[in-house]
Amino acid sequence: MDAQGLALRARAEVAALQARLPRWKANGFLARLAQVRAGAGRARIAVIGDSTVAGFGAGDADSGNRALAWPTLLARFFEADGIPANTASFWGSAGRQGDAGYDPRLVRGNGWATDPFSVTSFGGPVWYNNSTTEGLAFSPIGTFDRADIYTVRNTTQGMMTVDIGGATLATINAAGTAALVKTSVSFARGADPTLRIRRDAASGSASTRVVGAVLYDSVQPAVEIYNGGWSGVTAANLNAAANPWDYRTALSTIAPDLTLCLVGLNDMNPANAVSVATYAENRRQVLAAARLSGDAIELLPNPASVALTPLATQAGYVEAARAVAREAGVPVVDLPAAFVSYTAGLARGLYHDIIHPGSAGQWVIAREAYKAIDGL
């Protein structure tokens, strides 16, 4: 082979190597993390996926427990390394709308319910009110002076007000061109505030829809971890993009610096009849959307009992998820290796039921996710 041929082959080999290595944006998560360490800015992590992300069974009970879900536990690993972390946000209902204890920080005043018209977004079915002016009240623990509120806008929506302590911070006109709208407000810095989002009386018979809210401290920036888990979903639900508030398109508005994706246990359930190819393509599109604003890490689904899905079937979905990550050159968190098997994990006390990790299993996922982040 002549010199030109050797040079071409060398460039091809370098390109192939680069395609297999994690590609981190120069202004992506690592840069944001450096800002947090310096007290100069925020870093935002979106955790997307199914009930394992939402935290079903996290408290070793049928009542989903957001406080013990692995995205919440992930914050403790950052804090143990001296990095401030913030989980003061809510996103939709997580599919846990009938579970009053799921997130006690969020109190739904009379008139608030999950959307009866199946409007969903980041975190599942959105919160809906078309009858009262009572508040959707969010009371996280911590010191805050800023909030971002995410609402649905379209031609049938009404007015909302945002307040803390009765002092109106913003009025949101949700009528107009379809969009997922972020409204940012500031207020006097203080501990444990209650943010209230109210449907305004001026709305008449029009409805209002709230996707989520984030409280943060501009004086003490942190790594913010958004739990976008949604019980019962497949990768297709995460890939929804017909409306600007749908799950995948919402990622562009939220614009996380890092996205962690764990989905697949519902896809591999024979009752849902999702092919491996369809699962892979949905994960591929969601990953591409996540990387528009930042970096990404793919988590392979943890093992489930053969009572749900045969081992060979599980392996096909796991390898499909691994291949999607390899194509994109992003890191993989190998939960099947961490759990070893469902039988081994059950013996170690890692499971709540035949599919969902319990408190110990959620801790393992948080640990493995943080190892992937810490190893960047």
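The structure this text deals with has already been given above.
Since the model is a prediction, treat every value here as computed from it, not as a measurement.

Rules behind the numbers
- Residues numbered from 1 in each chain as written.
- Predicted model: local features only at pLDDT ≥ 70, side-chain atom pairs only at ≥ 80, totals over all residues.
- Heavy atoms only, no water.
- Helix = DSSP H or I, 4+ residues; strand = E, 2+ residues; numbered from the N terminus.
- Expected span 1.5 Å × (residues − 1).
- Buried < 20%, exposed > 50% of the residue type's maximum accessible area, 1.4 Å probe, protein only.
- Pairing = 2+ DSSP bridges.
- Polar contact = N/O pair within 3.5 Å; in protein donor to acceptor, adjacent residues only side chain to side chain.
- Contact = heavy atoms within 4.5 Å.
- Salt bridge = Lys/Arg side-chain N within 4 Å of Asp/Glu carboxyl O.

(A) How the structure looks around helix α11 (residues 359–374). Along its 16 residues, α11 runs 22 Å from first to last C-alpha, staying within 8% of the 22 Å computed at 1.5 Å per residue. Along α11, the residues classified as buried are Gly 361, Gln 362, Val 364, Ile 365, Ala 366, Glu 368, Ala 369, Tyr 370, Ala 372 and Ile 373.

(B) Highlighting the pairing of strand β16 (residues 223–229). Of all 7 residues in β16, 7 are buried, a share of seventy percent or more. Pairing of strand β1 (residues 43–49) with β16, which is carried by 7 bridges, proceeds in the parallel orientation. Pairing of Ile 45 across the sheet is with Ile 225, part of β16. Inspection of the sheet shows strand β2 (residues 85–86) paired to β16 by 2 bridges, in the parallel sense. Counterpart to Ala 85 in the pairing with β16 is Val 223.

(C) Structural detail: the side chain of Arg 283. Mapping Arg 283 onto the fold places it in helix α7 (residues 276–290). Given the relative accessible area of 1%, Arg 283 is considered buried. Here the side chain of Arg 283 touches Leu 299 through a polar contact of 3.3 Å, landing on its backbone oxygen. Arg 283 has contacts with Ala 235, Cys 261, Val 263, Glu 298, Leu 299, Pro 301, Ala 321 and Val 324, leaving out every residue within four places of it along the chain.

(D) The pattern of salt bridges, seen in detail. Under the criterion given, the structure shown has 17 salt bridges. Between Glu 224 and Arg 42 there is a salt bridge whose closest N-O contact spans 2.7 Å. Of this pair, Glu 224 sits in strand β16 while Arg 42 sits in the loop between α2 (29–37) and β1, and the two are 182 residues apart along the sequence. The salt bridge partner of Glu 368 is Arg 367, with a shortest N-O separation of 2.9 Å. The class of Arg 367 is partly exposed, set by a relative accessible area of 24%. By sharing partners, the salt bridges in this structure join Arg 32, Arg 44 and Asp 257 into a single network.

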